[in-house]
Amino acid sequence: MHHTMTPSAHGRAILVLGLPLIGGNLGQIAIGVTDTLMLGWYSVDALAAAVLGHSMWFSIFLLGSGFANAVMPLVAEASEQPDGTQTIRRTARMGLWLSVLFAVLVLPLFLWSSPILQALGQTKPLSDDAQDLLRIVGLAMLPALLAMVLKSYLAALEHTRVVLWVTIAAALVNAGVNYLLIFGNYGAPELGIKGAGYASSAVHCVTLLLLAGYALRKFPEHDLLARLWRPDPEVIKRLFSMGVPIGLTYLAETSLFAASALMMGWLGTVPLAAHGVAIQIASATFVVHLGLSSAATVRVGKALGRQDFPHLRRGAVVAVWMSVAFALMTVAVYWSIPATLIGMFIDPADPLRPEIISAGITLMLLAGVFQLVDGAQAMALGLLRGLKDTQVPMIYAVLSYWCVGMTCSYLLGFTLGLGGAGIWGGLSIGLCCAAVSMMLRFWRHIVPRAEQRSAVDTSGAGA
C-alpha cells in the first residue's frame with residue numbers, strides 16, 4: 001500500500017504532528033524561565049543553587065529519557081502493522097519499566113548530591129542548597145520519566161495536541177505553586193529553593209496523571225496497565241539497545257554546551273554572561289528543530305511499518321527542507337536585531353550592559369550559522385531514529401561534538417586567541433561534522449539497507 005502525497009501534504013502532516021510538540025517544548029522552557037525569574041527575585045544565592053541543581057537533574061533526566069525516546073519509533077512502526085496492538089502495548093509497558101528502574105538507580109545521586117557537587121569544585125553552602133532542592137526533585141525523576149514515555153507513545157500514535165495542553169496546564173501549576181511556596185504568599189510556608197523543588201515535583205506528577213488518564217481513556221485496546229508486573233525480556237532488550245545510545249547522544253550534546261560554558265568562564269564574567277543569553281535565545285529556537293525532528297521520527301517509523309519507501313524518502317526530504325527553511329528565518333532575525341535580542345535579557349541598570357551586548361552581538365551572528373548545523377544534525381538524528389538506527393549515530397555524535405567540536409573550540413578560542421567567537425566557531429564545526437556524517441548515513445546507508453531488506457522479505461513472501 002503506497003501513499004502518494006504532495007510535498008505540501010507532507011509538510012502539513014509534519015506540522016500537524018510537530019507544532020504541538022514544539023509548543024510542548026516551549027512550555028518546558030517556560031517552566032524553567034519561571035523558576036529562574038522567581039528564584040532570582042527571591043535571592044541570588046537560591047538562584048545559583050537552583051541552576052546548579054537543575055543542571056545536574058536535567059543531565060541525568062536526558063540520559064534516562066533515552067528509553068522514552070526509543071518507544072516513539074517502535075510504536076509508530078507497530079501502529080501501521082495489522083497485528084501491531086500487542087507490540088504497542090509491550091513496547092510502552094517496558095518503556096515504563098525501564099524508566100522506573102532508571103529512576104530508582106539514580107536516586108542515591110540526588111539524595112547525596114552535596115559531596116558530588118563539592119567534588120566537582122562547587123562551594124559547600126552552594127552544594128548544600130542544591131542538595132536541598134535535589135532531595136525533593138530527585139523523587140520527581142520517576143513521574144518525569146514515566147510522563148516522557150507516555151508523551152512518546154501518544155506522539156507516535158499522532159496524538160500530539162494533548163501533549164501541548166498538558167504542558168500548558170503544568171506550566172500554570174508550576175507558576176502558582178512557585179508563587180505560593182517560594183515566597184510564602186497567601187499564608188503558605190516560605191520555603192525558598194525547597195518551594196521551587198515542590199513546585200517542580202507537583203508539575204511532573206500532574207503531567208503524569210493527565211497523560212495517563214488520557215492514554216487509558218483514548219486507547220483502551222492497548223490496556224497499558226494490564227499485567228504491568230510481568231517483565232518482557234525481549235522488548236526490554238530492544239528498548240535498552242536503542243534507548244541507551246539515544247540517552248548518551250543527548251548527554252554528549254548537553255555536556256558539550258556545559259563544557260563550552262566553562263571555557264567561556266575562563267574568559268571572564270562578561271563573555272560568560274553573553275554566552276548564557278545567546279544560548280538561551282538559541283535554545284528557544286532550537287526546540288522548533290527538535291519538534292520537527294520528533295515528527296520526522298514518527299512519520300519515518302510509520303512509513304517503515306507500511307514498508308512504503310517512496311513515501312518515506314519524500315517525507316524525509318520535506319522534513320529536512322522545513323528545518324532548513326526555519327533555520328534561515330532564524331538567521332535573518334538573529335542577524336538583523338542582535339543587540340535588541342541580547343538586551344532583552346539584561347538589566348538596563350547593569351553597568352556591564354554595553355559590554356555584554358557588544359560581546360553578545362558577535363555570538364548572535366555566529367548563532368545563525370550554529371542554528372543551521374544544529375537543526376540539521378537534530379533532524380538527521382530524528383530520521384535515523386525512525387529507522388531504529390541509534391548506535392552508530394551515537395558514536396558519530398560523540399566524535400563530532402567532543403573530538404572535533406571541543407578541540408576546535410579550544411584551538412580557536414585560546415590557542416589562536418579568538419575568545420568567545422572561537423569557542424562558538426568550534427562548536428559549529430563539531431555540529432556541522434555531526435550533521436554531514438549523519439545525513440550521509442541516513443541517505444546512503446540506512447534507507448537503501450531498509451529497502452533491500454524489505455525487497456528480500458516481499459520476494460520471500462511471494463515465493
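Each value, and the rule that gives it
Residues numbered from 1 in each chain as written. Predicted model: local features only at pLDDT ≥ 70, side-chain atom pairs only at ≥ 80, totals over all residues. Heavy atoms only, no water. Helix = DSSP H or I, 4+ residues; strand = E, 2+ residues; numbered from the N terminus. Rg over C-alpha atoms; globule rule 2.2 N^0.38 Å. Buried < 20%, exposed > 50% of the residue type's maximum accessible area, 1.4 Å probe, protein only. Contact = heavy atoms within 4.5 Å. Areas by Shrake-Rupley, 256 points an atom, 1.4 Å probe, with all protein chains shown as cover. Lys, Arg positive; Asp, Glu negative; His and termini not counted. Charge placed at Lys NZ, Arg CZ, Asp CG, Glu CD. Expected span 1.5 Å × (residues − 1). Axes fitted to C-alpha atoms, helices over the stretch in contact; angles between N-to-C directions. Parallel < 35°, antiparallel > 145°, perpendicular 65-115°, else oblique. Left-handed = near helix turned anticlockwise from the far one by under 90°. Nonpolar A, V, L, I, M, F, W, Y, C, P; charged D, E, K, R; others polar. Patch = residues over 30% accessible without salt bridge, like charges linked within 9 Å, V, L, I, M, F, W, Y side chains within 5 Å. Salt bridge = Lys/Arg side-chain N within 4 Å of Asp/Glu carboxyl O. pLDDT = per-residue confidence, 0-100. Phe/Tyr/Trp six-rings, centres within 6.5 Å; stacked < 30°, edge-to-face > 60°. Core = buried A, V, L, I, M, F, W, Y, C linked by side-chain atoms within 4.5 Å. Disulfide = S-S within 2.5 Å.

Chemist: Go over the overall build of the protein, please, and point to the residues and values.
Modeler: Across its full length, the protein holds 15 helices and zero strands. Taking 2.2 N^0.38 as the reference for a compact globule, 463 residues should give roughly 23 Å; the C-alpha atoms of the protein span a radius of gyration of 22 Å, in line with that estimate. The dimensions of the protein, computed from C-alpha atoms along their principal axes, are 75 × 50 × 35 Å. The buried share among the 463 residues of the protein stands at 52%. Counted over contacts in the protein with a minimum sequence separation of 6, partners at least 24 positions apart contribute 81%. Of the roughly 19900 Å² of accessible surface on the protein, a fraction of 70% belongs to carbon and sulfur atoms. Charged side chains in the protein number 27 positive and 23 negative. The centres of these two groups are separated by 10 Å.

Chemist: Run through helix H9 (residues 233-267), naming residues and quoting values.
Modeler: With 35 residues, H9 extends 50 Å from end C-alpha to end C-alpha; this agrees with the ideal 51 Å at 1.5 Å per step. A positive backbone phi angle near 125° is found at Gly268, which sits one or two residues after H9.

Chemist: How would you summarise the packing of H9 against helix H10 (residues 269-306) if you had to cite specific residues and measurements?
Modeler: Where H9 meets H10, the closest approach of the two axes is 8 Å, and the angle between their N-to-C directions is 155°. In terms of orientation, H9 and H10 fall into the roughly antiparallel class. As for how H9 packs across H10, the hand of that crossing is right-handed. Facing Glu253, Phe257, Ser260, Ala261, Met264, Gly265 and Leu267 of H9, the residues of H10 in contact are Pro271, Leu272, His275, Ile279 and Phe286. A breakdown of the residues in the contact of H9 with H10 according to their chemical character gives eight nonpolar, three polar and one charged.

Chemist: So what's going on with a nonpolar patch on the surface? Which residues, and what values?
Modeler: There is a patch of nonpolar side chains on the surface, built from Val100, Val104 and Leu142 and spanning about 220 Å² of accessible area. The exposure class of Val100 is partly exposed, given its relative accessible area of 34%.

Chemist: For the confidence of the model for the protein, give the residues involved together with the corresponding values.
Modeler: Per-residue pLDDT for the protein averages 84, and the proportion of residues at 70 or more is 96%. Looking over the protein, one finds the lowest element-wise mean pLDDT in helix H1 (residues 7-42), namely 76, and the highest in helix H14 (residues 391-415), namely 93.

Chemist: Kindly report on the pattern of salt bridges, identifying the contributing residues and their values.
Modeler: Taken as a whole and assessed by the stated rule, the structure comprises nine salt bridges. As a salt-bridge pair, Arg90 and Glu234 come within 3.0 Å of each other at their nearest N and O atoms. Of the two residues, Arg90 sits in helix H3 (residues 84-111) while Glu234 sits in helix H9, which places them 144 residues apart along the sequence. When its relative accessible area of 49% is taken as the criterion, Glu234 is described as partly exposed. Among the ionic pairs, Arg238 bridges to Glu234, the shortest N-O distance being 3.4 Å.

Chemist: Account for unusual backbone geometry, naming residues and giving values.
Modeler: Trans peptide bonds make up the majority, and among non-glycine residues the majority have a negative phi. Here Glu158, not a glycine, exhibits a phi torsion of approximately 65°, which is positive. One can find Glu158 in the loop between helix H6 (141-156) and helix H7 (161-183).

Chemist: Summarise the side chain of Thr207; cite the residues concerned and give the values.
Modeler: Note on placement: Thr207 falls in helix H8 (residues 193-218). If we ignore the near neighbours within four places in the chain, the residues touching Thr207 are Ala147, Lys151, Val166 and Ala170.

Chemist: Talk me through the packing of H3 against H9; I want residue IDs and the actual numbers.
Modeler: For the pair H3 and H9, the least separation of the axes is 9 Å and the interaxial angle reads 65°. It follows that H3 is roughly perpendicular to H9 by the angle criterion. Along this stretch, H3 crosses H9, giving a crossing that reads as right-handed. Where H3 abuts H9, its residues Thr87, Arg90, Thr91, Met94, Gly95, Trp97 and Leu98 lie against Glu234, Val235, Ile236, Arg238, Leu239 and Phe240. Looking at the contact of H3 with H9, its residues break down into seven nonpolar, three polar and three charged.

Chemist: Can you lay out the packing of aromatic side chains for me, pointing to particular residues and giving the numbers?
Modeler: Counted according to the given criterion, the structure contains nine aromatic pairs. Ring centres 5.2 Å apart and planes at 10° place the aromatic pair Trp57 and Phe61 in the stacked group. A residue pair is termed a helical-turn pair when its members lie 3 or 4 positions apart in one helix, as Trp57 and Phe61 do in helix H2 (residues 44-78) at four residues. With centroids separated by 5.1 Å and ring planes inclined at 35°, the aromatic side chains of Phe370 and Trp424 adopt a geometry described as tilted. Residue Phe370 is found in helix H13 (residues 353-386), and its partner Trp424 is found in helix H15 (residues 419-462); the two are separated by 54 residues along the sequence. Here Phe370 falls in the buried class, since its relative accessible area comes to 1%. With a relative accessible area of 0%, Trp424 lands in the buried category. One aromatic cluster is present, formed by Trp57, Phe58 and Phe61 through successive ring pairs.

Chemist: Which residues make up the environment of Trp112, and what are the values?
Modeler: Assignment of secondary structure puts Trp112 in the loop between H3 and helix H4 (113-119). A relative accessible area of 52% places Trp112 in the exposed class. Taking the C-alpha atoms as reference points, Trp112 and Asp132, 20 residues apart in sequence, are found 9.9 Å from one another. Excluding residues within four positions of it along the chain, Trp112 makes contact with Gln131 and Arg135.

Chemist: Go over the nonpolar core, please, and point to the residues and values.
Modeler: If you look at the biggest cluster of nonpolar residues, it comprises 125 residues, and the most contacted ones within it are Met141 and Tyr153. Considering each element in turn, this core owes the most residues, 18 residues, to H2. Discounting residues that sit within four places of it in the chain, Met141 has contacts with Trp57, Ile60, Phe61, Ala103, Val106 and Phe110.

Chemist: Any details on the state of the cysteines? Residues and values, ideally.
Modeler: Overall, the coordinates contain zero disulfides when judged by the stated rule. Cys433 provides the cysteine sulfur closest to Cys408, a residue in no disulfide bond, and the two sulfurs are 8.4 Å apart. Of the cysteine sulfurs around Cys432, a residue in no disulfide, the closest is that of Cys433, at 7.1 Å.

Chemist: Describe the side chain of His204, listing the residues and the values that go with them.
Modeler: In this fold, His204 is placed in helix H8. Ignoring any residue separated from it by four or fewer positions in sequence, one finds His204 in contact with Trp57, Ala140, Pro143 and Ala144.

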